[in-house]
Amino acid sequence: MPIWDTMGLRASRSQLVSFEGTVLREDRRCPPSAGRRPNHIGAGLAFLSLGIADAAEDALITHSRGRVIPATGQSLAEMQWLQFEVADVHTRLEAARMYAGNMAWLADQNSPQFLPATMTAKVLANEIARDVAQLALKAGGGSGFLRASPIQRLFRDAQAGGLMAYSAEVCKDRIGKTVLLPQD
């Protein structure tokens, strides 16, 4: 199977896995669920984007505190425009994190609301990851584009979450239909 040479999330190694011809001892096997359970794999995608958003916020904070603007002698962190934008992305990141936690709780409850919540959590997490990484890049300026900067990698990684199945567009289509169209 070929290795996918991706632009972002290079460490994710999203590949099909086959366990044909392998042996797993009986005591190591997980029995199938006795009842109907939703597929929980999709829940991880929101948390993947939240991790990228956290890392981007950390890189943004580190850069902003350490970068001194020669014209003013102040750190970038002291600039009001950046404080306002950081406040915006930080509060949205907290909200996305709380929604993802609620989604995980729904999974534990085996709730029929779990699957719709995975789509909402994924969209919220993807959008905030992109926005935090974009702000980090904006604050980083030209140095944010350097290969040595963690900001450029986080920016690329943040773009990937919205493309992973189900894409943000597919999730938004499903959410919109649920809101707008009558349910049977």
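Because the structure is a prediction, the values reported are computed rather than measured.

A few words on the overall build of the protein. Along its length, the protein carries 5 helices and 0 strands. Relative to its 184 residues, the protein shows a buried fraction of 33%. Expressed as a percentage of contacts within the protein between residues at least 6 apart in sequence, the contacts between residues at least 24 apart total 70%. As displayed, the protein has an accessible area near 12200 Å², and 60% of this comes from carbon and sulfur atoms.

Attention now goes to the packing of helix 2 (residues 80-108) against helix 3 (residues 114-140). Where helix 2 contacts helix 3, the axes come no closer than 9 Å and their chain directions differ by 155°. As far as their axial angle goes, helix 3 and helix 2 are roughly antiparallel. Crossing geometry of helix 2 relative to helix 3 is assigned as left-handed. Along the lines of polarity and charge, the residues of the contact of helix 2 with helix 3 split into 20 nonpolar, 2 polar and 5 charged.

Most peptide bonds take the trans configuration, and most residues that are not glycine carry a negative phi. With phi around 55°, N110 is a residue other than glycine that occupies positive phi space. Along the polypeptide, N110 turns up in the loop between helix 2 and helix 3.

Time to look at helix 3. Taking 1.5 Å of rise per residue, the 27 residues of helix 3 would be expected to cover 39 Å, and the 38 Å separating its terminal C-alpha atoms lies within 8% of that figure. Just beyond helix 3, the residue with positive phi is G141, at close to 60°.

With that settled, the discussion passes to the pattern of salt bridges. Think of it this way: side chains of opposite charge can pair up when their charged atoms draw near. In total, this model carries 8 salt bridges according to the counting rule given. The salt bridge partner of E127 is K172, with a shortest N-O separation of 2.8 Å. Placement of E127 in helix 3 and of K172 in helix 5 (residues 168-180) is noted, with a sequence separation of 45 residues between them. Assessed through its relative accessible area of 43%, K172 is described here as partly exposed. Residues joined in a network through salt bridges with shared partners are D54, E94 and R97.

At a minimum axis separation of 8 Å, helix 1 (residues 43-66) and helix 3 run at an interaxial angle of 20°. Taken together, helix 1 and helix 3 sit at an angle that is classed as roughly parallel. Between helix 1 and helix 3 lies a crossing whose hand is left-handed. The residue makeup of the contact of helix 1 with helix 3, split by class, is 17 nonpolar, 6 polar and 2 charged.

Counting 33 residues, the largest nonpolar core has L50, L60, L82, M103, F114 and I128 as its most contacted members. Of all the secondary-structure elements, those providing two or more residues to this core are helix 1, helix 2, helix 3 and helix 4 (150-161). Looking at this core element by element, the count peaks at 12 residues for helix 3. With near-sequence residues (within four places) excluded, L50 lies in contact with L93, A96, R97, A100, A125 and I128.

Before going further, it helps to examine the environment of A104. You can see A104 is positioned in helix 2. Judged by its relative accessible area of 29%, A104 is partly exposed. Between the alpha carbons of A104 and G44 there is a distance of 9.2 Å; along the sequence they are 60 residues apart.

Our focus in this paragraph is the confidence of the model for the protein. The share of residues in the protein with pLDDT of 70 or more is 87%, and the mean pLDDT across the chain is 88. Within the protein, the element-level pLDDT minimum falls on helix 4, averaging 92, and the maximum on helix 2, averaging 97.

The rules behind each value
- Residues numbered from 1 in each chain as written.
- Predicted model: local features only at pLDDT ≥ 70, side-chain atom pairs only at ≥ 80, totals over all residues.
- Heavy atoms only, no water.
- Helix = DSSP H or I, 4+ residues; strand = E, 2+ residues; numbered from the N terminus.
- Buried < 20%, exposed > 50% of the residue type's maximum accessible area, 1.4 Å probe, protein only.
- Contact = heavy atoms within 4.5 Å.
- Areas by Shrake-Rupley, 256 points an atom, 1.4 Å probe, with all protein chains shown as cover.
- Axes fitted to C-alpha atoms, helices over the stretch in contact; angles between N-to-C directions.
- Parallel < 35°, antiparallel > 145°, perpendicular 65-115°, else oblique.
- Left-handed = near helix turned anticlockwise from the far one by under 90°.
- Nonpolar A, V, L, I, M, F, W, Y, C, P; charged D, E, K, R; others polar.
- Expected span 1.5 Å × (residues − 1).
- Salt bridge = Lys/Arg side-chain N within 4 Å of Asp/Glu carboxyl O.
- Core = buried A, V, L, I, M, F, W, Y, C linked by side-chain atoms within 4.5 Å.
- pLDDT = per-residue confidence, 0-100.

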